[in-house]
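Single-letter residue listing:
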Amino acid sequence: MKTQIIVLHRYAYSDSSWIVKALSPDLGILSLLVKGAKAKNSPFRAGIDPLAYSEIEIRYNKHKASSLIIPKEVCLRNYFPKMRSNLQNLALAQFMAEIMLKLGRDESHAAAEFKWLLNNLEYLELHSVKENSLSLWLQKLCDILGYAPMLSKCGQCERELLHGPADLWPALGGAICSDCLGARESSYDSLFLQELGSFAKGKNDLQQGSWQRIESFFVGHLRAHAGTLENLRSWDWVLETRRLAC
Ligand SMILES: [Zn+2]
């Protein structure tokens, strides 16, 4: 069968081969053994570089889905050369790839995850990173995975939150209004809750610091739900490239 892939990660298997982890819209995360791909004249070379978008032909055995697959053919579709030449764009793409790799496994979301990742790589090939890029990416990803936090309504009384949440209660799946919070103290800073409320309403004119707090919130939210996102190495790299850009 033929399937499209985005390469998320790879590591050396021997002097000549790579093991490649890639996201396929049809099959979820695949482990590919690509023999001889380190050779300069290998036809597979660019098509299995991290973040490459390729089409592969494989013999797929449903009953051995977790085993290593040896692709018969790898055809590069897009290498995203401009994205790679911009440090901030590249760092963001690497962060997205690491999240996808760690979330992995669940085939049922693969098609939507693939589309959303490809969509963003194509965007990063043509545009510079915007301040809200990562917040929007993370929000939609939570949505795809089925655990987007509810931010525009109170999780308890379901009232519309006109002035943002009064607190966030993970057990209720998101925000709570001031009446339901009552005399209890909010565990979040009120400025941040206002920012998050504005974001939930689709406002895009927030300050840079606000976007960074919103991103961190979504990374934390993903961590709490997925439980597999410890040691995100590429997250530190995203923060580092921002410092370099200032
Ligand atoms: Zn309420």
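Regarding the packing of helix α3 (residues 110-126) against helix α4 (residues 133-145)
Link 1 in the chain: Where α3 contacts α4, the axes come no closer than 10 Å and their chain directions differ by 170°. Taken together, the axes of α3 and α4 are roughly antiparallel relative to one another. Here α3 runs over α4; the crossing is right-handed. For the pair α3 and α4, the contacting residues are Ala112, Glu113, Trp116 and Asn120 in the first and Leu136, Trp137, Lys140, Leu141, Ile144 and Leu145 in the second.

Some points on the environment of Glu55
Link 1 in the chain: Mapped onto the elements, Glu55 comes out in strand β4 (residues 53-57).
Link 2 in the chain: In this structure the C-alpha to C-alpha distance between Glu55 and Glu125, which are 70 residues apart in sequence, comes to 19 Å.
Link 3 in the chain: If near-sequence neighbours (up to four positions away) are discounted, Glu55 is found in contact with Lys2, Thr3, Gln4, Glu73, Val74, Cys75 and Arg77.

A few points about the environment of Ala52
Link 1 in the chain: On the secondary structure map, Ala52 appears in the loop between β3 (28-34) and β4.
Link 2 in the chain: Residues Ala52 and Glu122, 70 residues apart in the sequence, show an inter-C-alpha distance of 11 Å.
Link 3 in the chain: Apart from the residues within four sequence positions on either side, Ala52 is in contact with Ile5, Ile6, Val7, Ala46, Gly47, Leu76, Asn78, Tyr79 and Arg84.

Remarks on the coordination of the zinc ion
Link 1 in the chain: All of the protein donors around the zinc ion are Cys154 (SG), Cys157 (SG), Cys177 (SG) and Cys180 (SG); their distances to the metal are 2.3 Å.
Link 2 in the chain: Classification of the site at the zinc ion rests on its four donor atoms, whose angles at the metal span 103 to 114°, yielding the label tetrahedral.
Link 3 in the chain: Mapping the donors of the zinc ion onto the primary sequence yields the spacing C-x2-C-x19-C-x2-C. Of the two residues, Cys154 sits in the loop between α4 and β6 (167-169) while Cys180 sits in helix α5 (residues 178-181), which places them 26 residues apart along the sequence. The burial state of Cys154 is the same as that of Cys180; both residues are buried.

Thoughts on the side chain of Glu195
Link 1 in the chain: Its place among the elements puts Glu195 in helix α6 (residues 190-200).
Link 2 in the chain: Polar side-chain contacts of Glu195 include one of 2.6 Å to the side chain of Arg213.
Link 3 in the chain: Those residues in contact with Glu195 that sit more than four places away from it in its chain are Leu206, Ser210, Arg213 and Ile214.

Some points on the pairing of strand β1 (residues 2-12)
Successive side chains on a regular strand alternate, one facing one side of the sheet and the next facing the other.
Link 1 in the chain: Bridge analysis of β1 against β4 gives five bridges, and the strand direction is antiparallel. Its bridge partner lying in β4, Ile5 is registered against Ser54.
Link 2 in the chain: Direction of pairing for β1 relative to strand β2 (residues 18-24): antiparallel, over a ladder of six bridges. Bridging from a neighbouring strand, His9 pairs with Lys21 of β2.

As for the sheet that holds strand β5 (residues 73-78)
Link 1 in the chain: Sheet architecture is open: five strands sit in the order β3-β2-β1-β4-β5, paired in antiparallel fashion. Sheet topology places β3 and β5 at the edges, where each strand pairs with a single neighbour. Strand-to-strand, the axes of this sheet are offset by a mean angle of 40°, without reference to chain direction.
Link 2 in the chain: Sheet strands in contact with helix α2 (residues 87-103) are β1, β2 and β3, and its direction is about 100° off that of β1.
Link 3 in the chain: Strands β1, β2, β3 and β4 of the sheet are contacted by α3, whose axis makes an angle of about 75° with β1.

Description of helix α7 (residues 208-226)
Link 1 in the chain: Helix length check: α7, at 19 residues, gives a terminal C-alpha distance of 27 Å against a target of 27 Å (1.5 Å per residue), a fit within 8%.
Link 2 in the chain: Buried within α7 are the following residues: Ser210, Trp211, Ile214, Glu215, Phe217, Phe218, Val219, His221 and Leu222.
Link 3 in the chain: Packing partners of the buried residues in α7 comprise α2, α4, β6, α6 and α8 (233-245).
Link 4 in the chain: Phi turns positive, to about 65°, at Gly227, one or two residues after α7.

Cut-offs applied
- Residues numbered from 1 in each chain as written.
- Predicted model: local features only at pLDDT ≥ 70, side-chain atom pairs only at ≥ 80, totals over all residues.
- Heavy atoms only, no water.
- Axes fitted to C-alpha atoms, helices over the stretch in contact; angles between N-to-C directions.
- Helix = DSSP H or I, 4+ residues; strand = E, 2+ residues; numbered from the N terminus.
- Parallel < 35°, antiparallel > 145°, perpendicular 65-115°, else oblique.
- Left-handed = near helix turned anticlockwise from the far one by under 90°.
- Contact = heavy atoms within 4.5 Å.
- Donors = N, O, S within 2.8 Å, 3.2 Å for Na, K, Ca; no water.
- Tetrahedral: all angles 85-135°; square planar, octahedral: opposite > 155°, others 65-115°.
- Buried < 20%, exposed > 50% of the residue type's maximum accessible area, 1.4 Å probe, protein only.
- Polar contact = N/O pair within 3.5 Å; in protein donor to acceptor, adjacent residues only side chain to side chain.
- Pairing = 2+ DSSP bridges.
- Expected span 1.5 Å × (residues − 1).

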